[in-house]
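Fold and geometry: a report
The chain contents come next:
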Amino acid sequence: MVVPVARTDPTASDAELHRRLIYGDETALTEVYDAYGGLVRHVAARVTRTTGAADDVAQEVFAQLWARPYAFDARRGTLRTWLGMLAHRRAVDWVRSEARHRKAGAADDEVLHAIPAEEPGPDERVVDRERSLLLHSALAQLPPPQREVVHLAYFAGRTYRQAAQELGIPEGTAKTRLRTALHRLAEALDDDTAKGARA
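Below you will find a few notes about this structure. (Residues numbered from 1 in each chain as written. Predicted model: local features only at pLDDT ≥ 70, side-chain atom pairs only at ≥ 80, totals over all residues. Heavy atoms only, no water.)

**As for the nonpolar core**
Core analysis: the biggest nonpolar cluster contains 22 residues, and V32, L65, L79 and L83 have the highest contact counts within it. For this core, the elements supplying multiple residues, two or more each, are α1 (10-22), α2 (26-48), α3 (51-67) and α4 (79-114). If one sorts the elements of this core by residue count, α2 sits on top with seven residues. With residues near it in sequence (within four places) discarded, L79 still touches D14, V32, Y36, L65 and F72. Ranked by size, the runner-up nonpolar core spans ten residues in total, among them V149, V150, A153 and A181. (Core = buried A, V, L, I, M, F, W, Y, C linked by side-chain atoms within 4.5 Å. Buried < 20%, exposed > 50% of the residue type's maximum accessible area, 1.4 Å probe, protein only. Helix = DSSP H or I, 4+ residues; strand = E, 2+ residues; numbered from the N terminus. Contact = heavy atoms within 4.5 Å.)

Listed below in structure tokens is the structure:
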């Protein structure tokens with residue numbers, strides 16, 4: 001006699017995981033990542049053709065799930081399918097963004113090569129010195145964790161992945177700190193420029 005094997009309903013477990021995610025249960029996110037992280041990275045790698053980009057896409061996908069779990073509707077399909085579609089969409093966005101950056105970079109290079117190099121005049125040297133002072137002042141006002149990442153990325157020539165490794169922090173944390181720091185620096189420099197214009 002053959003005993004039928006009981007099959008678990010994936011939509012039922014998806015609904016339970018979804019409920020836990022909505023209530024901020026971090027272990028639910030870990031379970032989802034363990035179950036579908038490989039699939040998400042595989043889909044992203046197939047589109048982007050690079051492991052690093054696939055990891056970035058996977059991080060964004062699970063960050064979105066954590067930040068907005070209500071975007072998933074268990075009645076419309078499985079969590080596996082939804083995450084796969086989200087990974088594909090994010091990967092396509094990454095490819096398009098890279099293509100735009102390469103195109104813009106090539107155009108910038110052409111323009112720069114067409115401009116004859118000139119020695120900066122005395123006025124330009126003064127402006128450069130002032131900008132340098134403003135930048136160092138703005139850097140000094142950053143919280144130490146953000147300042148460390150900026151220093152490694154822009155003064156020591158590290159990528160944010162290498163910076164994360166050296167600082168012993170997750171890559172996503174390094175990326176977030178770098179973005180936040182650059183945003184603060186831009187705001188600080190804009191404020192100082194505006195003050196100078198009013199003076």
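Anyway, onward from the coordinates.
**Thoughts on the pattern of salt bridges**
Under the definition given, this model contains seven salt bridges. A salt bridge links K175 to D56; the shortest N-O distance between them is 3.9 Å. With K175 in helix α8 (residues 171-198) and D56 in helix α3, the pair connects residues that are 119 residues apart, well separated along the chain. Neither residue differs from the other here; K175 and D56 are each classed as buried. For the salt bridge of R161 with E171, the shortest nitrogen-to-oxygen distance reads 3.4 Å. One end of the pair, R161, is in helix α7 (residues 160-167); the other, E171, is in helix α8, with ten residues separating them in the sequence. (Salt bridge = Lys/Arg side-chain N within 4 Å of Asp/Glu carboxyl O.)

**Regarding a nonpolar patch on the surface**
Judged by side-chain polarity, I22, Y23 and Y70 come together as a nonpolar surface patch covering roughly 420 Å² of accessible area. Tracing the backbone through its elements, the reader meets Y70 in the loop between α3 and α4. Taking the relative accessible area as the measure of exposure, Y70 reaches 59% and is therefore exposed. (Patch = residues over 30% accessible without salt bridge, like charges linked within 9 Å, V, L, I, M, F, W, Y side chains within 5 Å. Areas by Shrake-Rupley, 256 points an atom, 1.4 Å probe, with all protein chains shown as cover.)

**Notes on the packing of α2 against α3**
The contact between α2 and α3 brings their axes to 8 Å, and the two run at 140°. Relative to α3, the element α2 is oriented oblique. Crossing geometry of α2 relative to α3 is assigned as right-handed. Where α2 abuts α3, its residues E26, L29, V32, Y33, Y36, G37, V40, R41, A44, A45 and T48 lie against A53, A54, D55, V57, A58, V61, F62, L65 and W66. (Axes fitted to C-alpha atoms, helices over the stretch in contact; angles between N-to-C directions. Parallel < 35°, antiparallel > 145°, perpendicular 65-115°, else oblique. Left-handed = near helix turned anticlockwise from the far one by under 90°.)

**Focus on the packing of aromatic side chains**
Counted by the stated rule, this structure contains two aromatic pairs. On the basis of an interplanar angle of 70° and a centroid distance of 4.9 Å, the ring pair of Y33 and F62 is categorised as edge-to-face. In this pair, Y33 is assigned in helix α2 and F62 in helix α3, connecting sequence segments 29 residues apart. Relative accessible area serves as the criterion here: at 7%, F62 is assigned to the buried category. Taking the centre distance of 5.7 Å and the plane angle of 55° together, the rings of F72 and W82 count as tilted. Residue F72 is located in the loop between α3 and α4, and its partner W82 is located in helix α4; the two are separated by ten residues in the primary sequence. In this structure W82 comes out as buried when scored by relative accessible area, which is 17%. (Phe/Tyr/Trp six-rings, centres within 6.5 Å; stacked < 30°, edge-to-face > 60°.)

**Details of unusual backbone geometry**
A positive phi angle, near 65°, is found at R49, a position not held by glycine. Among the structural elements, R49 can be located in the loop between α2 and α3. The class for R49 is exposed, based on a relative accessible area of 74%.

**Regarding α7**
For α7, the complete set of buried residues consists of Y160, A163 and A164. The buried residues of α7 occupy an angular sector of 100° when projected down its axis, which confines them to one face. In the stretch just after α7, G168 is the one whose phi turns positive, near 70°. (Arc of directions from axis to C-beta.)

**Some words on the environment of R161**
For R161, a relative accessible area of 28% translates into the label partly exposed. Counting along the chain gives ten residues from R161 to E171, while the straight-line C-alpha distance between them is 5.5 Å. Excluding its chain neighbours within four sequence positions, the residues that come into contact with R161 are G52, A53, D56 and E171.

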